[in-house]
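# What the coordinates show
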Amino acid sequence: MRCRSATPAANRPGRWSLDLLAAQGEATATALAEQLPVSRQALVKHLAVLDAAGLVSGRRVGREVRYAVRPAALNATARWMSALAADWDRRLANIKRIAEAAERNSR
């Protein structure tokens, strides 16, 4: 799993495309764009980034590309992001503790 490459792709304002894909199972960029406030071209670019990150897969059916969420990859990315957030919470709590101790000692 390429968690580092997946993070920017999933953290874009267009992440609603993942929600729609998960709900629909599989959809074309055209079908998704009809339900979203973005152009089809913008959505195709976004889906290409998600595909490159391994969060969605696209398969050609005739002239269309049908996209689907890759749940295992998305779950792995969510777990990685959660662990990263917890690590930052610990680091920030430590900085706060040090700053508060320094402030108390300077009085």
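Residues numbered from 1 in each chain as written. Predicted model: local features only at pLDDT ≥ 70, side-chain atom pairs only at ≥ 80, totals over all residues. Heavy atoms only, no water.

What follows is about the pattern of salt bridges. Tallying each qualifying case throughout the model produces seven salt bridges. In this structure, arginine 66 and glutamate 26 form a salt bridge, with 2.9 Å as the shortest nitrogen-oxygen distance. Of this pair, arginine 66 sits in strand β3 (residues 64–69) while glutamate 26 sits in the loop between α2 (16–24) and β1 (27–28); the two residues are 40 residues apart in sequence, bridging distant segments of the chain. The shortest N-O distance in the salt bridge between arginine 66 and glutamate 64 comes to 3.9 Å. Its relative accessible area of 39% is what places glutamate 64 among the partly exposed residues. Taken together, the shared-partner salt bridges connect Glu26, Arg59, Glu64 and Arg66 into one network. (Salt bridge = Lys/Arg side-chain N within 4 Å of Asp/Glu carboxyl O. Helix = DSSP H or I, 4+ residues; strand = E, 2+ residues; numbered from the N terminus. Buried < 20%, exposed > 50% of the residue type's maximum accessible area, 1.4 Å probe, protein only.)

A few words on the pairing of β3. Direction of pairing for β1 relative to β3: antiparallel, over a ladder of two bridges. Among the inter-strand pairings, threonine 28 is bridged to a residue of β3, identified as arginine 66. The pairing of strand β2 (residues 56–61) with β3 spans six bridges and is classified as antiparallel. By the bridge assignment, valine 61 is partnered in β3 with glutamate 64. As consecutive antiparallel partners, β2 and β3 are separated by two residues, and within that stretch glycine 62 has a phi angle of approximately 65 degrees, a positive value. (Pairing = 2+ DSSP bridges.)

Let's shift gears to the packing of aromatic side chains. Under the counting rule described, the total for this entry stands at zero aromatic pairs. Stacked on the ring of tryptophan 88, the Lys or Arg arginine 91 has its end atom at 5.2 Å from the ring centre. (Phe/Tyr/Trp six-rings, centres within 6.5 Å; stacked < 30°, edge-to-face > 60°. Lys NZ or Arg CZ within 6 Å of the ring centre and 35° of its normal.)

So, on to a nonpolar patch on the surface. Together, Leu84, Trp88, Leu92 and Ile95 give the surface a local cluster of nonpolar side chains, amounting to about 400 Å² of exposed area. On the secondary structure map, tryptophan 88 appears in helix α5 (residues 71–105). (Patch = residues over 30% accessible without salt bridge, like charges linked within 9 Å, V, L, I, M, F, W, Y side chains within 5 Å. Areas by Shrake-Rupley, 256 points an atom, 1.4 Å probe, with all protein chains shown as cover.)

Moving on to the sheet that holds β1. Two pairing modes exist for strands in a sheet, parallel and antiparallel, and in both the strands are linked by backbone hydrogen bonds. Taken together, the three strands give an open sheet; going across it, the order is β1-β3-β2, and neighbouring strands pair in antiparallel fashion. In this open sheet, the two edge strands, each paired with only one partner strand, are β1 and β2. Relative to β2, helix α4 (residues 40–53) is tilted by about 115 degrees, and along the sheet it contacts β2 and β3. (Contact = heavy atoms within 4.5 Å. Axes fitted to C-alpha atoms, helices over the stretch in contact; angles between N-to-C directions.)

Once that is clear, we can look at the nonpolar core. With 17 residues, the main nonpolar core has Leu21, Leu32, Leu43, Leu47, Leu50, Val56 and Tyr67 as its most contacted residues. Mapped by element, the contributors of at least two residues to this core are α2, α3 (29–33), α4 and β3. Broken down by element, this core gets its largest block of residues, four residues, from α4. (Core = buried A, V, L, I, M, F, W, Y, C linked by side-chain atoms within 4.5 Å.)

Counting along an α-helix, one turn takes 3.6 residues, and residues three or four places apart therefore face a common direction. With 35 residues, α5 ought to run about 51 Å at 1.5 Å a step, and its terminal C-alpha atoms sit 51 Å apart, in line with that. Listing the buried residues of α5 in full gives Ala73, Ala76 and Thr77. (Expected span 1.5 Å × (residues − 1).)

So, to be careful, I would describe these as geometric facts and stop short of saying anything about function.
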